[in-house]
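Chain by chain, the residues run as shown.
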Amino acid sequence: MRGQLNQDCLPDVLRQIYLERRSGCLRLTQDHTRKEIFFELGAMVFASSNRREDRIGESMLRHSTISQEQFDLAQAHMGRGKRFGKILVDLKIISERDLIANVTFQVLDIIYSVFNWTIGSYEFYEVGKTISEDLKLDLSTASIILEGVRRISDIDVIERGLGDLNRLVGPSTNPLLRLQTLSLRPLERQIIDVIREPLSLIKLLVKVKSPAETVLRSLYGLLSA
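This structure is a prediction, so every number in the text was calculated from the model and none was measured.

> Describe the packing of aromatic side chains, naming the residues involved and giving the relevant values.
Within the structure shown, the criterion is met by 3 aromatic pairs. The interplanar angle of 65 degrees and the centroid separation of 6.0 Å between the aromatic rings of F39 and F124 together place this pair among those described as edge-to-face. Pair noted here: F39 is in strand β3 (residues 33-40) and F124 is in strand β5 (residues 121-125), with a separation of 85 residues, a long-range link. Under the relative-accessibility criterion, F39 is labelled buried at 3%. Residue classification places F124 among the buried positions, given a relative accessible area of 8%. Ring geometry for F71 against F84: centres 5.4 Å apart, planes inclined by 40 degrees, an arrangement best described as tilted. Here F71 is found in helix α3 (residues 68-76), whereas its partner F84 is found in helix α4 (residues 84-90), with 13 residues between them in sequence.

Following this line, the structure appears as structure tokens:
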């Protein structure tokens, strides 16, 4: 599986990997930036990036988990083979549990960041890398995809993903998609209530009294999940 993000929308790619229960790595490349999402039987379990701002220290600083002074102190202790997070624990700045929680925030930040990519390439391949059980994401794939779509700022991506507004949409019959853990917003619940049977996107926009762009984004999130 490989392609270009100006042709294929990332949520659709993630959905396909989930439906096919694939295990491996989805590598996304844009210029010199490389981000990777790891899967086990279709579930997203980890992510990595070669961008400096995606490192654990920068992530914790961004989320105000550590101060600039603590960041600089840990940096001063960095050396070959030493990990930033482990140094924070050794210096008793954070606990092991806090480190694991912040790795989750870091991984999710990496995943959510690529939902706004409109150019770049992707490739899925099998990989032997194993992820430590302590570091694996413990969130449903549907929840991650839905939140990622909520964060898409370019409406063109949403419209391209949805396709023809005359297409019919309806409840999925696939148990893998129906029986998922999701935390829905009021508008998303309203859309599900309206679509009890196949309905065109245009008719949905008429029935749901909210701005069209907001409805389309919510619908695409639900379709992707």
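> Describe in detail the packing of helix α1 (residues 10-19) against helix α11 (residues 212-224), supporting the description with residues and values.
With their axes 9 Å apart at the nearest point, α1 and α11 run at an angle of 20 degrees to one another. Compared by their axis directions, α1 and α11 come out roughly parallel. Where α1 approaches α11, its residues P11, D12 and R15 are matched on the opposing element by Y220, L223 and S224. Residues that form the contact of α1 with α11 fall into these classes: 3 nonpolar, 1 polar and 2 charged.

> Please give an account of the nonpolar core that cites residues and values.
In this structure, L14, L26, L28, I37, I111 and I191 are the most contacted members of the largest nonpolar core, which totals 63 residues. The element best represented in this core is helix α5 (residues 96-113), accounting for 7 residues. Setting aside chain neighbours within four positions, we find I111 in contact with I37, M44, A47, L137 and I144.

> Break down the pattern of salt bridges for me, with residues and values.
With the rule as written, the count across this model stands at 16 salt bridges. Residue K86 is joined to D90 by a salt bridge in which the shortest nitrogen-to-oxygen separation is 2.9 Å. You can see K86 and its partner D90 sitting in helix α4, 4 residues apart, about one turn around the helix. Residues E147 and R150 are paired through a salt bridge, measuring 2.9 Å at the closest nitrogen-oxygen approach. Note that E147 and R150 are positioned in helix α6 (residues 141-150) at a spacing of 3 residues, about one turn of the helix. Linked by salt bridges that have partners in common, E147, R150, R151 and E188 make up one network.

Analysis parameters
Residues numbered from 1 in each chain as written. Predicted model: local features only at pLDDT ≥ 70, side-chain atom pairs only at ≥ 80, totals over all residues. Heavy atoms only, no water. Phe/Tyr/Trp six-rings, centres within 6.5 Å; stacked < 30°, edge-to-face > 60°. Helix = DSSP H or I, 4+ residues; strand = E, 2+ residues; numbered from the N terminus. Buried < 20%, exposed > 50% of the residue type's maximum accessible area, 1.4 Å probe, protein only. Axes fitted to C-alpha atoms, helices over the stretch in contact; angles between N-to-C directions. Parallel < 35°, antiparallel > 145°, perpendicular 65-115°, else oblique. Contact = heavy atoms within 4.5 Å. Nonpolar A, V, L, I, M, F, W, Y, C, P; charged D, E, K, R; others polar. Core = buried A, V, L, I, M, F, W, Y, C linked by side-chain atoms within 4.5 Å. Salt bridge = Lys/Arg side-chain N within 4 Å of Asp/Glu carboxyl O.

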